[in-house]
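Descriptive structure summary
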Amino acid sequence: MAFVNIQNLTYKYPLTKTPALQNMNLQIEKGEFISIIGANGSGKSTLCYALAGFVPHFFKGEISGEIEVDGAASSKSTLDEWVVNVGLAFQNPFNQISGAKYTVFEEIAFGLENAGVPREQMKSRVEEAMQLTGISNLADRSPYSLSGGQQQRVALTSILVMQPKLLVLDEPTSQMDPIGTREVFSVIHNLTQSGMTVVMVEHKVEWIAHFATRVIALKDGAVLTEGKPSDVLTSDLLIENGFGVSRYTSVAREAKKQGLWKKDKLPVTLFEAAEGFNTK
Amino acid sequence: MKIEIKDLHFTYPTGLEALQGISLTINSGEQVAIVGQNGAGKTTLVRHFNGLLKPTSGSVMIGDWDTAKYSVAKLASRVGYVFQNPDEQLFSRDVLTEVEFGPKNLGYSKEKIDELVKQALAWTELTDKTETNPYDLSPTWRKMVALASIIAMDTPIVIFDEPTTGQDFANVSRIAHVIAELKKQGKTVITITHDIDFCAENFERVIALSNGKILLDGKAREVLGQEEILAQTYVDPPQLTRLGKLLNLKETVINQEEFLNVIARNVG
Ligand SMILES: Nc1ncnc2c1ncn2[C@@H]1O[C@H](COP(=O)(O)OP(=O)(O)OP(=O)(O)O)[C@@H](O)[C@H]1O
Ligand SMILES: Nc1ncnc2c1ncn2[C@@H]1O[C@H](COP(=O)(O)OP(=O)(O)O)[C@@H](O)[C@H]1O
Ligand SMILES: [Mg+2]
Ligand SMILES: [Mg+2]
């Protein structure tokens with residue numbers, strides 16, 4: 001069976017009329033790097049919450065269907081049991097800082113400390129994680145005296161350090177500078193190479209195309225389309241449904257109308273675009 | 001209204017010197033984007049414009065007002081600032097109250113307030129959400145509320161701190177539309193952004209900050225074409241600029257129209 005298995009999942013937040021997730025079905029294999037795209041309100045964050053157990057264990061509401069991760073069913077687990085295997089970085093990184101710690105180092109060590117990881121091991125894991133996200137220089141700073149992008153890196157690092165089997169990231173690079181964004185994608189990609197499974201909500205199509213194994217496009221709480229990044233991200237379906245595409249895709253689409261793009265397939269990445277415009 | 005900054009230095013109480021000598025003039029009606037790596041000092045800089053921070057040394061003039069001598073409340077009539085994190089800004093129980101708060105506080109007439117609020121809600125497409133509590137909205141819509149509540153104040157200078165963060169295509173287009181409308185009204189718009197394609201498509205002038213200093217300042221095309229210098233502050237040129245470079249186009253292109261023009265000419 002798939003590592004993540006979502007079956008007929010329908011979920012409604014308390015006091016709302018329409019379900020945020022509607023009869024969703026999704027299978028994810030171990031080591032996949034899944035990218036979720038969709039308009040505001042399409043259910044991306046709710047799906048993240050469902051994978052991370054916050055829906056329904058924290059948000060309550062009405063749920064039907066099932067979510068299984070590594071053979072365990074969400075409905076038969078407590079949130080405490082669930083979070084051992086699944087880590088979630090929230091959409092708003094400003095809310096993720098615990099408020100309990102004085103330094104960035106302690107903030108990142110917080111989860112390991114709670115899990116009773118021995119001191120020496122904790123120290124090396126925290127240092128390693130900070131190195132990965134490029135924040136070693138912030139170790140002694142207060143988590144509150146940081147810029148937006150620095151806070152987001154701290155939030156991300158505090159999840160990475162837990163080494164969850166399933167890593168769920170809700171727009172983890174939204175506050176990050178462009179080159180930092182690319183580096184984070186690359187780090188996450190490397191983690192999946194060593195067996196971690198990642199589900200990441202993102203808008204940055206160019207880097208999704210480079211790194212994700214599969215793209216899932218949501219609309220109104222259901223899967224609109226899914227598949228290989230190069231297929232999904234160039235599909236007419238996306239344009240028709242108001243999704244953002246890369247500038248390479250939109251320029252080639254326009255060029256095609258003017259006879260300046262000769263290939264059938266539209267590009268998503270820089271190199272695909274350069275290749276197509278060169279062979280005219 | 002002109003903004004004039006002379007040799008601005010700012011050190012946080014922690015001892016960190018976030019701004020290390022910034023001199024800058026922004027003329028009335030300019031559309032300026034500020035880019036640069038995380039921690040470069042972008043937010044710290046713009047928080048000086050509305051007086052949230054006061055210079056450690058140097059000066060910031062908003063028109064004829066020295067920000068060191070004016071309160072945030074006073075400066076609010078000249079500078080509107082949309083926070084990077086909307087949760088630091090929003091406090092009302094519903095969207096309408098939130099958006100009305102600013103213009104009411106500035107003492108505008110009832111008619112003017114109604115007019116401004118209506119327009120701000122329409123531009124941000126919040127008209128059907130006026131009774132909602134901002135905290136029941138998703139972070140992206142909370143940011144739109146924060147944006148509406150600032151543009152409703154009708155200040156000559158408007159500052160957006162990373163407005164397109166996490167926004168979908170429709171909201172990014174709405175924000176671009178707001179910026180274009182404010183430009184038509186002759187307002188100064190200053191926007192911090194990491195979205196370089198958005199920057200290239202909507203701003204005439206770009207300032208790149210790095211480690212509390214100005215790295216580049218000039219016309220969008222001049223600044224965004226300088227790949228190596230931009231890399232020092234972790235910024236990539238726009239996608240189509242990179243494509244143009246890779247294709248060895250002679251001129252720097254920064255948007256779709258320019259790119260297609262050059263390609264069409266090369267073919268023909
Ligand atoms: N309240 C604070 N106290 C102390 N230092 C701070 C505070 N806020 C920011 N800093 C530091 O000042 C420097 C500039 O931060 P600033 O928030 O201006 O960066 P920024 O360019 O807006 O970055 P980002 O793109 O991540 O939002 C950083 O080194 C940051 O850690
Ligand atoms: N805590 C909540 N309470 C009630 N409704 C919510 C809550 N969070 C999200 N929703 C609603 O669920 C739907 C999906 O939202 P969300 O998962 O946040 O979408 P996305 O992340 O794609 O923007 C929207 O209609 C939204 O208004
Ligand atoms: Mg979301
Ligand atoms: Mg900032």
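Here, the structure is the one placed above.
Before going into details, it helps to say that this report is about the structure given with it.

Conventions adopted
Residues numbered from 1 in each chain as written. Chains lettered and ligands numbered in written order. Predicted model: local features only at pLDDT ≥ 70, side-chain atom pairs only at ≥ 80, totals over all residues. Heavy atoms only, no water. Contact = heavy atoms within 4.5 Å. Buried area = accessible area lost by both parts, 1.4 Å probe. Salt bridge = Lys/Arg side-chain N within 4 Å of Asp/Glu carboxyl O. Polar contact = N/O pair within 3.5 Å; in protein donor to acceptor, adjacent residues only side chain to side chain. Helix = DSSP H or I, 4+ residues; strand = E, 2+ residues; numbered from the N terminus. Nonpolar A, V, L, I, M, F, W, Y, C, P; charged D, E, K, R; others polar. Donors = N, O, S within 2.8 Å, 3.2 Å for Na, K, Ca; no water. Buried < 20%, exposed > 50% of the residue type's maximum accessible area, 1.4 Å probe, protein only. Near = heavy atom within 4 Å. Areas by Shrake-Rupley, 256 points an atom, 1.4 Å probe, with all protein chains shown as cover.

**Remarks on the interface of chain B and chain A**
- Taken together, the contacts link 40 residues of chain B with 44 residues of chain A.
- Of the roughly 3500 Å² buried where chain B meets chain A, counting both sides, 58% is carbon and sulfur surface.
- Looking only at chain B, the three residues that lose the most surface to chain A are Asn38, Tyr234 and Gln239 of chain B, adding up to 18% of its buried area.
- Our count for the contact surface shared by chain B and chain A stands at 3 salt bridges.
- In this structure, Arg242 of chain B and Glu206 of chain A form a salt bridge, with 3.0 Å as the shortest nitrogen-oxygen distance.
- Counting the contacts that link chain B with chain A gives 18 residue pairs in polar contact (both at pLDDT 80 or more).
- Broken down by secondary-structure element, the contributors of at least two residues to the side of chain B that touches chain A are helix H5 (139-151), helix H6 (169-184), helix H7 (196-202), helix H10 (239-246) and helix H11 (256-267) of chain B.
- Counting residues per element, the side of chain B that touches chain A draws most heavily on H11 of chain B, at 6 residues.
- Tallied by class, residues from the side of chain B that touches chain A come to 18 nonpolar, 14 polar and 8 charged.

**Structural notes on the coordination of the magnesium ion (ligand 3)**
Residues and elements named next belong to chain A.
- For the magnesium ion (ligand 3), the full set of protein donor atoms is Ser45 (OG) and Gln91 (OE1), and the range of their distances to it is 2.1 to 2.2 Å. Residue Ser45 is located in helix H1 (residues 44-51), and its partner Gln91 is located in the loop between strand E6 (86-89) and helix H4 (104-114); the two are separated by 46 residues in the primary sequence. For the residue pair Ser45 and Gln91, the accessibility class agrees, reading buried in each case.

**Focus on the site of ligand 2**
Residues and elements named next belong to chain A.
- Tyr13, Thr16, Ala20, Ala39, Asn40, Gly41, Ser42, Gly43, Lys44, Ser45, Thr46 and Phe59 make up every residue found near ligand 2.
- Here an oxygen atom of ligand 2 sits 2.8 Å away from a polar atom, N or O, in the main chain of Ser45.
- One of the side-chain nitrogen or oxygen atoms of Thr46 is found 2.5 Å away from an oxygen atom of ligand 2.
- Relative to its unbound accessible surface of 560 Å², ligand 2 loses 70% to contact with the protein.
- Tallied by class, residues from the shell around ligand 2 come to 4 nonpolar, 7 polar and 1 charged.

**Structural notes on the coordination of the magnesium ion (ligand 4)**
Residues and elements named next belong to chain B.
- Listed as protein donors to the magnesium ion (ligand 4) are Thr43 (OG1) and Gln84 (OE1); their distances from the metal cover 2.0 to 2.3 Å. Of this pair, Thr43 sits in helix H1 (residues 42-46) while Gln84 sits in the loop between strand E6 (79-82) and helix H3 (95-105), and the two are 41 residues apart along the sequence.
- Given the relative accessible area of 11%, Gln84 is considered buried.

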